[in-house]
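Structural features, examined
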Amino acid sequence: MEKSHEELTKHPSGLPTLFFTEMWERMSYYGMRALLVLYLVKELAFTDEKAGQVYGLYTSLVYLTPILGGFLADRYLGYKRSIFIGSLLMLCGHFSLAFPHIESFYLGLGLLILGNGFFKPNMSTIVGRLYETKPSLRDSGYTIFYMGINLGGLIGPIVCGSLGEKVNWHYGFGAAGIGMAIGICVFYIGSQKLPAHIWANERNNESKVLSEKEGVGERYSILLILILSFFSILFWMAFEQMGSSMNLFADRNTDRFLLGKEIPASFFQSINPLFILLLSPVLATAWNRLSVYKMNPDPILKFVFSLVLLGIGFLVMVWACQAKNSLGLVSVWFLFGAYFFNTLSELLLSPVGLSFVSATAPKKSAGMLMGIWFLSTAFGHYLAGYLSGFLSGFTDQADFFSFFVVTSWLGALLLFILWFRIRFWLKVR
Ligand code: GLU
Ligand code: ASP
């Protein structure tokens, strides 16, 4: 029987639980992250350099542990238990930061790194499981889920940042802990109503011998995930300039006076999550509509478009560098423009990647492959931090930003050429 239009376009009822759990977890993650460097420098008297190192190490390690957490969930623990373990570890982590001792500070960071490993890949995997019977809605579902991530990313720094900076650091960290606690409650209550099949891991699946065709399909799937993860490194390496070199550009080279008041440079960090909230519904609807007409571009092509847009974003930065006035300042609209293209690019790659990995990974290693996807984020973040250190070495900053135009467009070209060769792999499954 033909499915009705409503059935085809209605998202599963479990999505809000996952949306809000992830939103609260990300609120605590980004809230704490917004305070980290400031706390290290202002309270613990770290040098800028040492604080930068701790920050860089922390943000890459949180994306390194998902490979372990994903593997353990696939093999032993199952997704539900892993998500609970991860969120409890993170809860303890945030509350350890709320104590004013250096030992509890490091313990807290360790617990957060470990906890994220158990939480993040497995949450991201089960979102896709909700869509097993509605594959055409999957990309749009992940785009909505991504909105939850960014709603948390927007609220966290505002709440924890103002409490931490204005009242007391440890209240800020405590507020992040409360966010995580709310996330746990949402998950505890909501998970009872989620369909049982989404939790199945290898242990619950009867082990079966794969036919030759399925075996080949699995190999192609894993190869595709690895190839796309490589391009994702290129993406994060450039995209993450937002928090570093572009942040410095906001601070030093942007005319931030509006109606006689100076807007703080850190304000520009909220533009990305704000644009995500505005653009996600547009893209989610677009994927949805295009799927109905069987015209939704495949994930490899979406990655190509994403890298092209990222290059355009950095081209705006190059233009900005050339448009500086005699004081070395440019209008805020340049950063808005660059952030707009970078965010559009992010939405064509990050949620699409999550959706692709969840749809393509063989069931028995779904969590671990999601961990590999996040590993590319870890590498990308690391490279981004490393490269941003070269900014001050350039006499003309335009040369620095042009580097990312080149890497993004070369990446897009390479992937487009590859697309002709590997697009049929998408069908061998
Ligand atoms: N900012 C997103 C998040 O925090 C992206 C994660 C990633 O893939 O790097 O979930
Ligand atoms: N856009 C980031 C993530 O979703 C979140 C943020 O920076 O607030 O990719």
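Here the structure is a predicted model, which means the values were calculated and not measured. Sequence order as written defines the numbering, with residues in each chain counted from 1. Chain letters and ligand numbers both follow the written order, the letters beginning at A and the numbers at 1. Since the coordinates come from a predicted model, pLDDT governs what is reported: local features require at least 70, and pairs of side-chain atoms require 80 or more to be given and counted, while whole-chain, interface and lining totals use all residues. Based on all heavy atoms of the structure, the side-chain values leave hydrogens and waters out of the count.

The subject of this paragraph is the overall build of the protein. By definition, any uninterrupted DSSP run of H or I lasting at least four residues is a helix, any uninterrupted run of E lasting at least two residues is a strand, and each is numbered from the N terminus. Per the secondary structure count, the protein includes 15 helices and 2 strands. Just to be clear, the radius of gyration here is over C-alpha atoms, and the globule rule we use is 2.2 Å times residues to the power 0.38. Over its C-alpha atoms the protein spans a radius of gyration of 22 Å, differing by no more than 12% from the 22 Å that the globule rule assigns to 429 residues. With the principal axes as the frame, the protein shows a C-alpha extent of 65 × 50 × 35 Å. When checking whether two residues touch, look at their non-hydrogen atoms; a contact exists if any pair is within 4.5 Å. Within the protein, contacts between residues separated by at least 24 positions form 83% of all contacts whose residues are at least 6 apart in sequence. All accessibility values rest on the Shrake-Rupley procedure with a 1.4 Å probe; residue burial counts only the protein chains present in the view. When the accessible surface of the protein is summed, it comes to about 19,400 Å², and 67% of that surface belongs to carbon and sulfur atoms. Where the 32 positive side-chain charges of the protein centre and where its 26 negative ones centre are 7 Å apart. Neither His nor the chain ends contribute to the count of charged residues, in which Lys and Arg are positive and Asp and Glu negative. The location of each charge is read from NZ of Lys, CZ of Arg, CG of Asp or CD of Glu.

Take the site of ligand 2 next. For ligand 2, the full set of nearby residues is Tyr30, Tyr146, Ile149, Asn150, Gly153, Trp236, Asn272, Pro273, Ile276 and Glu346. Residues adjacent in sequence count toward polar contacts only when both atoms are side-chain atoms; beyond that, a polar contact is any pair of N or O atoms within 3.5 Å, and within protein one must be able to donate a hydrogen and the other to accept it. Between a nitrogen atom of ligand 2 and a side-chain N or O atom of Asn150, the distance comes to 2.9 Å. Between ligand 2 and Asn272 there is a distance of 2.7 Å, counted from a nitrogen atom to a side-chain nitrogen or oxygen. Isolated, ligand 2 exposes 270 Å² of accessible area, and the fraction of that covered by the protein chains is 86%. Those elements that provide at least two residues to the shell around ligand 2 are α7 (138–167) and α11 (271–292). Of the residues contributing to the shell around ligand 2, the split by class is 6 nonpolar, 3 polar and 1 charged. For this purpose, a residue is taken to be near a molecule or strand whenever a single non-hydrogen atom of the residue falls within 4 Å of it. Just so you know the grouping, Ala, Val, Leu, Ile, Met, Phe, Trp, Tyr, Cys and Pro go in nonpolar, Asp, Glu, Lys and Arg go in charged, and all remaining residues, Gly too, go in polar.

What follows concerns the site of ligand 1. The environment of ligand 1 is made up of Arg26, Tyr30, Tyr63, Lys120, Tyr146, Ile149, Trp236, Ser350, Phe374 and Thr377. Taking Thr377, its side chain carries an N or O atom lying 3.1 Å from an oxygen atom of ligand 1. Within the complex, 94% of the 290 Å² of free accessible area of ligand 1 lies under protein. At the level of elements, α2 (15–42), α7 and α14 (366–388) are the ones that each hand at least two residues to the shell around ligand 1. Counted by class, the shell around ligand 1 contains 6 nonpolar, 2 polar and 2 charged residues.

Moving on, we get to α2. One fewer than the residue count of a helix, multiplied by 1.5 Å, yields its expected span. For α2, with 28 residues, the first-to-last C-alpha span of 40 Å sits near the 40 Å given by 1.5 Å per residue. The quantity called bend is, for any residue, the angle between two axes fitted respectively to the seven residues ending at it and the seven beginning at it. Its maximal kink placed at Leu36, α2 deviates by approximately 30°.

Peptide bonds are, in most cases, trans, and in most cases residues other than glycine have a negative phi. Phi angles above zero are rare outside glycine, and Leu259 is one such case at about 50°. Secondary-structure assignment places Leu259 in the loop between β1 (257–258) and β2 (261–262). Its identity as a non-glycine residue notwithstanding, Lys294 has a phi of 55°, on the positive side. Within the secondary structure, Lys294 sits in the loop between α11 and α12 (299–322). Only protein chains enter the accessibility calculation, which uses a 1.4 Å probe; a residue whose area is less than 20% of its type maximum is buried, one above 50% is exposed, and one in between is partly exposed. Lys294 gets classed as exposed once you look at its relative accessible area, which sits at 76%.

In what follows, salt bridge is the name for a side-chain nitrogen of Lys or Arg lying within 4 Å of a carboxyl oxygen of Asp or Glu. This model, assessed by the stated rule, comprises 9 salt bridges. Across the pair Arg129 and Glu132 runs a salt bridge whose closest N-O atoms are separated by 3.8 Å. Given a relative accessible area of 4%, Arg129 falls into the buried group. Taken together, the salt bridges that share partners define one network made up of Arg129, Glu132 and Lys363.

Next up on the list: the packing of aromatic side chains. Two rings from Phe, Tyr or Trp (for Trp, the six-membered ring) form a pair when their centres sit within 6.5 Å of each other. Planes less than 30 degrees apart are called stacked, planes more than 60 degrees apart edge-to-face, and all others tilted. Using the criterion set out here, one finds 36 aromatic pairs in the structure. On the numbers, 5.9 Å between centres and 20° between planes, the contact of Tyr63 with Phe374 is stacked. In this pair, Tyr63 is assigned in the loop between α3 (48–61) and α4 (66–77) and Phe374 in helix α14, connecting sequence segments 311 residues apart. Judged by relative accessible area, Tyr63 falls into the buried class, the value being 6%. Owing to a relative accessible area of 5%, Phe374 belongs among the buried residues under this scheme. Aromatic rings pair up to connect Phe249, Phe314, Phe394, Phe400, Phe401, Phe403 and Phe404 into one cluster. Between the NZ or CZ atom of Lys50 and the centre of the ring of Phe46, over which it lies, the distance is 4.4 Å. Only when the NZ atom of a Lys or the CZ atom of an Arg is both within 6 Å of the ring centre and within 35 degrees of the ring normal do we say a charge sits over the ring. Note that Lys302 overlies the ring of Trp287, its terminal NZ or CZ placed 3.9 Å from the centroid.

Turning our eyes to something else, we now look at the packing of helix α10 (residues 245–253) against helix α15 (residues 397–422). Whenever a helix is involved, its axis is fitted only over the stretch in contact; in every case the axis is a line through C-alpha atoms, and angles between N-to-C directions fall within 0 to 180 degrees. Closest axis-to-axis distance for the α10/α15 pair is 12 Å, and the angle between their directions is 150°. On the basis of the axis angle, α10 is roughly antiparallel to α15. In the packing of α10 onto α15, the handedness of the crossing is left-handed. Taking contact as the criterion, the partners of Ser245, Met246, Phe249 and Asn253 in α10 are, on α15, Gln397, Phe400 and Phe401. By residue class, the composition of the contact of α10 with α15 is 4 nonpolar, 3 polar and no charged. Geometric relationships in this document are graded by angle, where less than 35 degrees denotes roughly parallel, more than 145 denotes roughly antiparallel, 65 to 115 denotes roughly perpendicular, and other angles denote oblique. Each crossing gets its handedness from the near helix: less than a right angle anticlockwise from the far helix is left-handed, clockwise is right-handed.

In this section: the side chain of Thr360. For Thr360, the position within the fold is in helix α13 (residues 332–360). According to the relative accessible area criterion, Thr360 is buried, its value standing at 5%. For Thr360, the side chain forms a polar contact with the main-chain oxygen of Phe356, separated by 2.5 Å.

Next up on the list: the nonpolar core. For soluble globular proteins, nonpolar side chains are generally found buried alongside one another. If you look at the biggest cluster of nonpolar residues, it comprises 119 residues, and the most contacted ones within it are Leu18, Met32, Tyr58, Phe314 and Phe401. When residues no more than four places from it in sequence are discounted, the contact partners of Phe401 are Ser245, Met246, Phe249, Phe314, Met317, Val318, Cys321 and Leu391. Nonpolar cores are built from buried Ala, Val, Leu, Ile, Met, Phe, Trp, Tyr and Cys residues. Side-chain atoms within 4.5 Å join them into one set.

On to the side chain of Lys120. Along the polypeptide, Lys120 turns up in helix α6 (residues 102–129). Look at Lys120 and you get buried, because its relative accessible area is 5%. Once you skip the residues sitting within four places of it in the chain, Lys120 turns out to touch Glu22, Arg26, Tyr63, Ile149 and Phe374.

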